[in-house]
Amino acid sequence: MTTSTMPRNHHSHRTSPSHKKPLNWRRVGAWVLVAAALAVTIAPFLWMLRTALSSNSALASNAGNLLPADFSWGAFKRVLGLQSTEEAIADGGSGAAINFWLYLRNSIIFASITTAGQVFFSAMAAYAFARLRWPGRNKVFAVFLTTMMVPPIFTALPNFLMIKNLGLLNTMAGMSLPFLFMTPFAIFFLRQFFLSMSREVEEAAMLDGAKHLRIFFQIVLPNAAAPIATLALLTFIGQWNEYFWPLLVGQDENVRVLTVGLSVFKSQSPQGALDWSGLMAGTLVAALPIFILFIAFGKKVVNSIGFSGIK
Amino acid sequence: MTTLTKQPGSAPERSRKNHGFKNQPGKRSRTGRLGDLKIALFFIFPAVIGFVAFFLIPTIRGIYLSFTEYSILGEPTWIGLKNYTAIFADELFWNAMGVTLQYVVLNIGFQTVIALGLALLMHRVAKSTFIRGALLLPFLVANVIVALLWFWMLDYQLGIVNEIMSWVGLPRVAFFGSEQWAIPTIAFVNVWRHMGYTALLIFAGLQSIPNHLYEVANLDGASPTRTFWSVTMPLLRPVLVLVLVVTVIGSFQVFDTVAVTTNGGPVNASRVIQLYIYQKAFGESDFGYASALSVILFVILALVAFVQMKFLKGNESDLD
């Protein structure tokens, strides 16, 4: 009896106009807020594109024009090295150059090496912490975890001195080494997944006489492909965007990465005469790989954020 | 079954099947005590190298250097507490601390409130991955790029923001160029970059609140505001505190945005502590002093984390 009246009450509740209207208005208001948040988030990127497609000389007189002022691919050409200095200056550029292809190559090498090393070595350590039994395991893990608290600036100065003493300033090795072996977060992240894996496959493999290396490579790594890919993606994005350490160690043209290159490009041009369209074209192209990665794997990144919140 | 338990790797503790065999005397338990030590050492070896070389030794060396006078040429000379006493009398240090604190308060205050609002919106109306992804976009782009983008949009002469403000009849503002606006502007830029990310963290927390609590509140006739303050907020507090720990510690270390836009200026209005450390070390080659500054920053961050963690622990029991 009660069960049959309940849904009916519920039903009338929902269709009664006095209840529906305020609820609807609240929803409309909420969606307006969502739309506003999206606009605030996305509009600056569109402005970046609009500026990049404008010519510098026209920007000054058309500051408020919502469409590209004097549409031109010049800025992109300039960034990609397809435009001579004279042409750039004629186009209102400052004449400051950005060696885009070299910096792009450096960014790719730096981000790839550090991501590959960090994820692989962290996976090895995570395997030892999750799947192997040895005395002191939890204590060592706790020590690793506490390093999560050490701020990068604190280790940056001594690390800089060490890299300098090793003669590795302005080398890819010097830039990559501190990131290459582990981060506490990467170990923590993978350990959680390794812990939840079923032991049975592993035990069956053991009976077959498989050694730990084979278990690691043939069972653990393939089974954890999804979390490893997520971690690699997050690490790559972080490394691609890294600025402070490459600024300290990788100032030289030969190893300069895009983030450093862009800030140098900005500081090289005289104040007030910044090559804005060139700068915006440069930032767009520098962010492009991340946009592509995000479009391809966005769902993975978004869904992993809740978990990676511990950072 | 018996052969299975005799395998060295079959952790008797974790596998419930093996519980009964745990107290078996003899050879097996002895190898059990050392376990897979040898192979474990092999697996953690690279991580230990990284830990010792780039965390442990630098930490010790950084503390040691803070008691020395050391320009990058020559050897460090021990000068005891001189750096620290000098720091206490250093007006630029106190200025940098003040500026950093101002930034942290503005950044965290706005970021947390906006992110909480966004998280509630995502939870109630807009669950789509697309929207979440779009809000996350600024977080994925490098600090340097975000800084350059806003440096352009907030430009005094040509920036679109000032352009719009003058359409509405507001006076133009030198966002990065005036002493009173530099820090609020930098704080705003980083709120923009981080709000979607922080919202996602809070959203994850919201999703862990059991639905039946809302149903009960609804049946009791509680208003949405009432439900928010007496169901959502108390249960969300641990997540909020965790988010605060992460973001406060992160925002104390603001550097990229400042270095690219104002470089500490005008005058010293935006010289945050990390920029000051950087300038002392690489501008003035005063590594000893810079190390002492970073020890102080480290101590502050550790204290902040400690206090917040205590707070977090106190609340964890609420949820369980």
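Thresholds applied
- Residues numbered from 1 in each chain as written.
- Chains lettered and ligands numbered in written order.
- Predicted model: local features only at pLDDT ≥ 70, side-chain atom pairs only at ≥ 80, totals over all residues.
- Heavy atoms only, no water.
- Helix = DSSP H or I, 4+ residues; strand = E, 2+ residues; numbered from the N terminus.
- Buried < 20%, exposed > 50% of the residue type's maximum accessible area, 1.4 Å probe, protein only.
- Lys, Arg positive; Asp, Glu negative; His and termini not counted.
- Salt bridge = Lys/Arg side-chain N within 4 Å of Asp/Glu carboxyl O.
- Polar contact = N/O pair within 3.5 Å; in protein donor to acceptor, adjacent residues only side chain to side chain.
- Contact = heavy atoms within 4.5 Å.
- Nonpolar A, V, L, I, M, F, W, Y, C, P; charged D, E, K, R; others polar.

Engineer: Explain the side chain of Arg 271 of chain B to me, using residue names and the numbers behind them.
Structural biologist: Residue and element names in this part refer to chain B. Inspection of the secondary structure puts Arg 271 in the loop between helix H12 (256-261) and helix H13 (273-283). Despite its burial, Arg 271 pairs with no opposite charge, the nearest such side chain being Glu 284 at 6.7 Å. At a separation of 2.9 Å, a polar atom in the side chain of Arg 271 contacts the side chain of Gln 279. Setting aside residues no more than four positions away along its own chain, Arg 271 makes contact with Leu 92, Ala 96, Val 99, Gly 264, Tyr 276 and Gln 279.

Engineer: Any chance you could break down the pattern of salt bridges for me, citing the residues and the numbers?
Structural biologist: Residue and element names in this part refer to chain A. The final tally for this structure, using the stated rule, is 4 salt bridges over all chains. Residue Arg 78 is joined to Asp 275 by a salt bridge in which the shortest nitrogen-to-oxygen separation is 2.8 Å. Taken together, the residues span a long stretch of sequence, with Arg 78 in helix H4 (residues 74-79) and Asp 275 in the loop between helix H15 (258-268) and helix H16 (276-308) at a distance of 197 residues. Judged by its relative accessible area of 10%, Arg 78 is buried. On the basis of relative accessibility, which here comes to 2%, the residue Asp 275 falls in the buried class. The salt bridge involving Glu 253 is made with Arg 256; its shortest N-O contact spans 3.3 Å. Exposure remark for Glu 253: the relative accessible area of 31% places this residue in the partly exposed category.

Engineer: Give a description of the side chain of Thr 230 of chain A that names residues and reports values.
Structural biologist: All names here are of chain A. Tracing the sequence through the fold places Thr 230 in helix H13 (residues 225-241). Thr 230 sits in the buried class, given a relative accessible area of 7%. Apart from the residues within four sequence positions on either side, Thr 230 is in contact with Phe 189, Lys 300 and Ser 304.

Engineer: So what about the interface of chain A and chain B? Which residues, and what values?
Structural biologist: Taken together, the 97 residues of chain A in the interface contact 97 residues of chain B. Applying the counting rule to chain A against chain B returns 0 salt bridges. The interface formed by chain A and chain B holds 7 residue pairs in polar contact (both at pLDDT 80 or more) in total. In terms of residue count, the dominant contributor to the side of chain A that touches chain B is helix H2 (residues 17-52) of chain A (17 residues). Looking at the side of chain A that touches chain B residue by residue, the class counts come to 68 nonpolar, 16 polar and 13 charged.

In short, geometric facts, not functional conclusions.
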